[in-house]
Amino acid sequence: MDIQGKVFIVTGGASGLGEGTARMLAAKGGTVVIADMQQEKGEAVAADIGGAFVRCDVSNEADGQAVVAKAVSLGKLMGLVNCAGIAPAEKTVGKNGPHSLALYQKVITVNLIGSFNMIRLAADAMSKNEPESTGERGVLISTASVAAYDGQIGQAAYAASKGGVVGMTLPIARDLARNGIRNMTIAPGIFGTPMLFGMPQEVQDALAAGVPFPSRLGTPQDYAKLACHILENDMLNGEVIRLDGAIRLAPR
């Protein structure tokens, strides 16, 4: 796929991995629709890159439909990059009793159901595209985490949500093969995002030191480069790529 002249949706595009991806897609000539709950920040990023912003709860059907409708109105929707997500931590049984069921449900709803909601809506719109010379009509990229494989203490909900994203990667790719739509997932390791920057500095330093090579935090640009390569390489389909500097998470 040639990114130039195509339309892309980036959920969570107002900050972190999503913002980095939105900016790189725009730099390559794409038109980006940022779907995010952070209205002021999202509008500012969209204005900066010549894109559009739609306030969106990714788990809400009507919100997702509004995002896709906006994207289709701007041109040929050829890509969705799911970066929206939350990562609260709570033990299965903690000092105050059992894990909050409401919190567990919220994490699954945003990270897993939200990703699938946007996938199904974007894929439906893409299936109506005229195929490219490669035969493809669109590409879907979701964000899992190395926690899907190496979930740490307090990450039962988060790891489950990201494990679900990993688990649906191949069946969705198989579902959409007949439509010429590819589906991929990126599983980042320890990345410098607003979620991580909320942690104490010594914790951030320890996490960076734990990455075998390169021994640093991943950046939104690292993620964005891989997302763009996935879009451009039509043989990548139905797979999860760990983007983690060879880290394997310890229990805590």
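Here, the structure is the one placed above.
Note that the coordinates shown come from a computational prediction; the quantities given were computed from them, not determined experimentally. (Residues numbered from 1 in each chain as written. Predicted model: local features only at pLDDT ≥ 70, side-chain atom pairs only at ≥ 80, totals over all residues. Heavy atoms only, no water.)

Visitor: I would appreciate a short explanation of the overall build of the protein chain in the present structure.
Guide: When helices and strands are counted, the protein chain shows 9 helices and 9 strands. Its C-alpha atoms give the protein chain a radius of gyration of 17 Å, within 12% of the compact-globule value 18 Å for 252 residues. Overall, the protein chain is about 55 × 35 × 35 Å in size when its C-alpha atoms are taken along their principal axes. Counting every position in the protein chain, which comprises 252 residues, the buried fraction comes to 51%. By sequence separation, contacts in the protein chain at least 24 residues apart represent 70% of the contacts at least 6 residues apart. Carbon and sulfur atoms make up 55% of the accessible area of the protein chain, which totals about 11300 Å². Separation between the mean location of the 22 positive side-chain charges and that of the 23 negative ones in the protein chain comes to 3 Å. (Helix = DSSP H or I, 4+ residues; strand = E, 2+ residues; numbered from the N terminus. Rg over C-alpha atoms; globule rule 2.2 N^0.38 Å. Buried < 20%, exposed > 50% of the residue type's maximum accessible area, 1.4 Å probe, protein only. Contact = heavy atoms within 4.5 Å. Areas by Shrake-Rupley, 256 points an atom, 1.4 Å probe, with all protein chains shown as cover. Lys, Arg positive; Asp, Glu negative; His and termini not counted. Charge placed at Lys NZ, Arg CZ, Asp CG, Glu CD.)

Visitor: Where do I start with the state of the cysteines in this structure?
Guide: Here, the word disulfide means a covalent bond between the sulfur atoms of two cysteines. Tallying each qualifying case throughout the model produces 0 disulfides. This cysteine, C56, is not joined by any disulfide, and C83 carries the nearest cysteine sulfur, 13 Å off. Residue classification places C56 among the buried residues on the basis of a relative accessible area of 3%. Distance from the sulfur of C83, which forms no disulfide, to the nearest cysteine sulfur (C228) is 11 Å. Here C83 falls in the buried class, since its relative accessible area comes to 17%. (Disulfide = S-S within 2.5 Å.)

Visitor: Where do I start with helix α1 (residues 16-27) in this structure?
Guide: Every α-helix winds through 3.6 residues per turn, so residues three or four apart in the chain are directed the same way. For α1, spanning 12 residues, the distance from its first C-alpha to its last is 17 Å, which sits close to the expected 16 Å at 1.5 Å a residue. Of all 12 residues making up α1, 10 are buried, and the element is well covered by its neighbours. Every buried residue belonging to α1 is among G16, L17, G18, E19, G20, T21, A22, M24, L25 and A26, and all of these are buried. Directly after α1, the chain includes G29, whose backbone phi takes a positive value near 95 degrees. (Expected span 1.5 Å × (residues − 1).)

Visitor: Whenever I open this one, the pattern of salt bridges confuses me. Can you help?
Guide: When the charged atoms of two side chains with opposite charge come close together, those side chains can pair. In total, this model carries 13 salt bridges according to the counting rule given. Close ionic contact of D150 with R242 constitutes a salt bridge, the shortest N to O distance being 3.2 Å. Within this pair, whereas D150 is found in helix α5 (residues 147-150), its partner R242 is found in strand β9 (residues 240-243), the two being separated by 92 residues in sequence. A relative accessible area of 17% means that D150 is categorised as buried. (Salt bridge = Lys/Arg side-chain N within 4 Å of Asp/Glu carboxyl O.)

Visitor: How do you make sense of the pairing of strand β2 (residues 31-36) when you look at a structure like this?
Guide: If a strand is regular, its side chains alternate between the two faces of the sheet. Burial of β2 is extensive: 5 of the 6 residues sit out of reach of the surface. As defined by bridge partners, strand β1 (residues 7-11) adjoins β2 across 5 bridges and the pair is classed as parallel. Across the sheet, residue I9 finds its bridge partner in β2, namely V33. Considered for its hand, the β-α-β crossover made up of β1, α1 and β2 is right-handed. Inspection of the sheet shows β2 paired to strand β3 (residues 52-55) by 4 bridges, in the parallel sense. Bridge pairing links D36 to R55 in β3. A crossover connection joins β2 to the parallel β3 through helix α2 (residues 39-49); in handedness this β-α-β unit is right-handed. (Pairing = 2+ DSSP bridges. Right-handed = clockwise from strand over helix to strand, strands pointing away.)

Visitor: I would appreciate a short explanation of the side chain of S142 in the present structure.
Guide: Inspection of the secondary structure puts S142 in strand β7 (residues 138-143). Side-chain polar atoms of S142 contact the side chain of N82, separated by 3.3 Å. The contacts of S142, once residues within four sequence positions are left out, are N82, S115, I119, V165, M184, T185, I186 and Y223. (Polar contact = N/O pair within 3.5 Å; in protein donor to acceptor, adjacent residues only side chain to side chain.)

Visitor: Honestly, the nonpolar core in this entry has me stumped. Any pointers?
Guide: Side chains of nonpolar character tend, in soluble globular proteins, to be buried together. Counting 33 residues, the largest nonpolar core has I9, V33, V67, L77, L80, M126 and L140 as the members making the most contacts within it. Those elements that provide at least two residues to this core are β1, β2, β3, α3 (61-74), β4 (77-82), α4 (101-126), α6 (156-176) and β8 (181-188). Of all the elements, α4 adds the most residues to this core, at 9 residues. (Core = buried A, V, L, I, M, F, W, Y, C linked by side-chain atoms within 4.5 Å.)

Visitor: Is there a simple way to think about the packing of α4 against α6 in this case?
Guide: Angle between the axes and distance between the axes: these two values describe a pair of packed helices. As a packed pair, α4 and α6 sit with axes 8 Å apart at the nearest point and diverge in direction by 20 degrees. Put simply, α4 runs roughly parallel to α6. The crossing of α4 and α6 is right-handed. Residues Y104, V107, I108, N111, L112, S115, F116, I119 and A123 of α4 pack against A156, A157, Y158, A160, S161, K162, G164, V165, M168, I172 and L176 of α6. Looking at the contact of α4 with α6, its residues break down into 15 nonpolar, 4 polar and 1 charged. (Axes fitted to C-alpha atoms, helices over the stretch in contact; angles between N-to-C directions. Parallel < 35°, antiparallel > 145°, perpendicular 65-115°, else oblique. Left-handed = near helix turned anticlockwise from the far one by under 90°. Nonpolar A, V, L, I, M, F, W, Y, C, P; charged D, E, K, R; others polar.)

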